[in-house]
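For reference, the chains in residue letters:
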Amino acid sequence: MSSAVSPLAPTDVPDMPALAGVRLATAAAGIRYKNRTDVLLALLDPGTTVAGVFTKSKCPSAPVEWCRAKLKGGKARALVVNSGNANAFTGKTGKQSTALTAAIAAKAVGCKQDEIFLASTGVIGEPLDATKFDGVLEGLAGTADAEDWMGAARAIMTTDTFPKVATATVKLGKAKVTINGMAKGAGMIAPDMATMLSFIFTDAPITAPALQALLKAGVEDTFNAVTIDGDTSTSDTLLAFATGAAAAKGAPKISRISDPNAKAFVKAFNAVLADLAEQVARDGEGARKLVEIIVEGAKTKQSARRIAMSIANSPLVKTAIAGEDANWGRVVMAVGKAGEPADRDKLSISFNGIRVASKGARDPSYDETEVSNAMKAQTIQIKVALGLGKGRDRVLTCDLTKEYVAINGDYRS
């Protein structure tokens with residue numbers, strides 16, 4: 001966790017409201033860091049449904065495997081998250097640690113181990129001493145309250161420079177429901193779901209299958225459209241929990257996301273995902289500029305996504321942005337290497353609304369001074385028009401600075 005807050009950090013941090021059916025508590029268990037909280041316990045009322053999406057890494061962490069297996073039950077009573085140790089690439093020891101953590105948590109909460117969900121973030125390859133949770137989780141279960149969302153978000157940070165939270169309130173039927181979310185992520189971020197750790201909570205009554213469908217659809221243009229460095233973590237986890245407490249206020253149960261009653265709820269849920277995803281991009285390790293890449297006129301949306309990601313993950317493009325250099329030649333390079341349909345002589349490129357290249361050459365109105373001044377902004381938009389079809393997509397990334405190298409060069413030190 002950095003002591004210097006990213007210059008891209010949001011200036012308006014929401015007041016996170018209490019959410020019926022969820023209580024939170026944090027503690028310092030001494031997993032890796034000294035003098036800071038590193039474990040979160042979220043208590044969930046009986047009847048809470050759960051959904052999740054996870055990394056596509058072929059080397060997933062032990063907690064990812066645990067959660068995948070437990071999702072089949074569709075119910076959750078608690079979430080345990082630790083920072084400082086990813087419990088990944090830890091073999092049989094890792095599996096034993098997840099089982100022991102779940103057993104300790106289940107005893108503290110008074111539920112089945114299958115209703116405990118786990119997430120870990122931090123260093124890969126070091127065994128996690130789950131005995132450190134013994135006594136700690138029991139204490140947290142006794143002190144948990146509905147208020148400390150910011151404390152919870154801080155407890156799951158690693159190289160993050162600020163806690164990431166988002167909230168929305170929306171009508172479901174005649175009742176108001178709340179959606180609260182938190183996330184951590186700054187490096188080893190690439191879209192293969194979920195690109196970091198994130199946890200969404202709502203008091204809406206929604207079945208586990210409907211919640212899973214909602215989450216799976218919602219990530220595609222939010223968390224799956226963010227990349228910091230092109231590296232997919234072993235531990236990527238996004239879990240959603242629905243306590244159903246708003247049913248007592250008259251909120252109708254959502255059994256399918258196509259339900260007309262759910263339209264506003266789905267929109268609000270996706271807005272929370274989008275907010276958190278952008279905060280991850282704003283906190284990219286060493287980032288000084290938020291970069292929005294729009295590709296339009298592609299053959300298909302999928303083709304546009306691949307081209308946008310080729311640009312977003314190019315070290316040459318990202319370092320040019322860090323140097324405030326409108327080097328559109330590097331963008332041309334990234335378009336060309338994507339392996340997707342493109343016609344050089346139809347290609348147009350703009351930086352922050354200023355067209356710098358068109359029809360296969362530098363734009364006739366190109367003004368180096370004008371573009372250089374535009375590149376000094378904290379937010380940079382790169383727009384690529386292919387002129388081949390109606391496919392369009394948008395991804396978020398950040399620049400690549402010397403600080404990124406410094407942070408990752410010292411990560412285990």
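Everything that follows concerns the structure shown earlier in this document.
The structure reproduced in this document is the subject of the present report.

Reading the values: the criteria
Residues numbered from 1 in each chain as written. Predicted model: local features only at pLDDT ≥ 70, side-chain atom pairs only at ≥ 80, totals over all residues. Heavy atoms only, no water. Helix = DSSP H or I, 4+ residues; strand = E, 2+ residues; numbered from the N terminus. Buried < 20%, exposed > 50% of the residue type's maximum accessible area, 1.4 Å probe, protein only. Contact = heavy atoms within 4.5 Å. Pairing = 2+ DSSP bridges. Axes fitted to C-alpha atoms, helices over the stretch in contact; angles between N-to-C directions. Expected span 1.5 Å × (residues − 1). Phe/Tyr/Trp six-rings, centres within 6.5 Å; stacked < 30°, edge-to-face > 60°. Salt bridge = Lys/Arg side-chain N within 4 Å of Asp/Glu carboxyl O. Polar contact = N/O pair within 3.5 Å; in protein donor to acceptor, adjacent residues only side chain to side chain.

Digging into the side chain of S350
Argument step 1. Of note, S350 is situated in strand β11 (residues 348–351).
Argument step 2. Residue classification places S350 among the buried positions, given a relative accessible area of 15%.
Argument step 3. Look past the residues within four positions of S350 in its chain and what remains in contact with it is R355, V356, Q381, I382 and K383.

Comments concerning the sheet that holds strand β5 (residues 116–123)
Argument step 1. With respect to topology, four strands assemble into an open sheet ordered β1-β2-β4-β5, the strand pairing being mixed. Each of the sheet's edge strands pairs with one partner strand only, and the pair in question is β1 (22–27) and β5. Neighbour-to-neighbour, the strand axes of this sheet turn through a mean angle of 15 degrees, independent of strand direction.
Argument step 2. Bridge analysis of strand β4 (residues 78–85) against β5 gives eight bridges, and the strand direction is parallel.

Quick look at helix α5 (residues 208–219)
Argument step 1. With twelve residues, α5 should cover 16 Å at 1.5 Å per step; its first-to-last C-alpha distance of 17 Å lies within 8% of that length.
Argument step 2. In this fold, the buried residues of α5 make contact with β3 (49–54), β9 (237–242) and α6 (263–282).

Details of the packing of aromatic side chains
Argument step 1. Evaluated as defined, the whole model comprises four aromatic pairs.
Argument step 2. Each ring, one from F117 and one from F241, has its centre 6.3 Å from the other, and the planes form 75 degrees; the classification is edge-to-face. Note that F117 is positioned in strand β5 and F241 in strand β9, a separation of 124 residues in sequence. For the pair F117 and F241, one class covers both residues: buried.
Argument step 3. You can call F241 buried: its relative accessible area is 1%.
Argument step 4. A connected cluster of aromatic rings, assembled from ring pairs, spans F117, W149, F201 and F241.

Structural notes on the pattern of salt bridges
Argument step 1. Inspection of every chain in the model, using the stated rule, returns 17 salt bridges.
Argument step 2. Between E324 and K289 there is a salt bridge, with the nearest N and O atoms lying 3.1 Å from each other. Of this pair, E324 sits in the loop between α8 (315–322) and α9 (328–337) while K289 sits in the loop between α6 and β10 (290–298), placing them 35 residues apart in sequence.
Argument step 3. For E324, a relative accessible area of 29% translates into the label partly exposed.
Argument step 4. You can call K289 buried: its relative accessible area is 4%.
Argument step 5. A salt bridge links E296 to R392; the nearest nitrogen and oxygen atoms lie 3.9 Å apart. Of this pair, E296 sits in strand β10 while R392 sits in strand β15 (residues 391–398), and the two are 96 residues apart along the sequence.
Argument step 6. Connected via shared salt-bridge partners are D160, K164, K184 and D283.

Here's the deal with the pairing of strand β7 (residues 175–184)
Argument step 1. With respect to burial, β7 is a largely interior element, nine of its ten residues being buried.
Argument step 2. Between the antiparallel neighbours strand β6 (residues 164–172) and β7 lie two residues, among them G173 with a positive phi of about 65 degrees.
Argument step 3. The pairing of β7 with strand β8 (residues 197–202) spans six bridges and is classified as antiparallel. Bridge pairing in β8 places K184 opposite L197.

Here we look at the sheet that holds β7
Argument step 1. Strand order in the open sheet made by the five strands is β3-β9-β8-β7-β6, with mixed pairing throughout. Two strands lie at the open edges of the sheet, namely β3 and β6, each paired on one side alone. Pairs of neighbouring strands in the sheet enclose a mean axial angle of 15 degrees, with direction left out of account.

Focus on the side chain of T202
Argument step 1. As for its position among the elements, T202 is in strand β8.
Argument step 2. Overall, the relative accessible area of 2% leaves T202 in the buried class.
Argument step 3. A distance of 3.1 Å separates a polar atom in the side chain of T202 from the backbone nitrogen of A204.
Argument step 4. Other than its neighbours up to four places away in sequence, T202 contacts L19, T178, I179, F241, A242, T243, G244 and F265.

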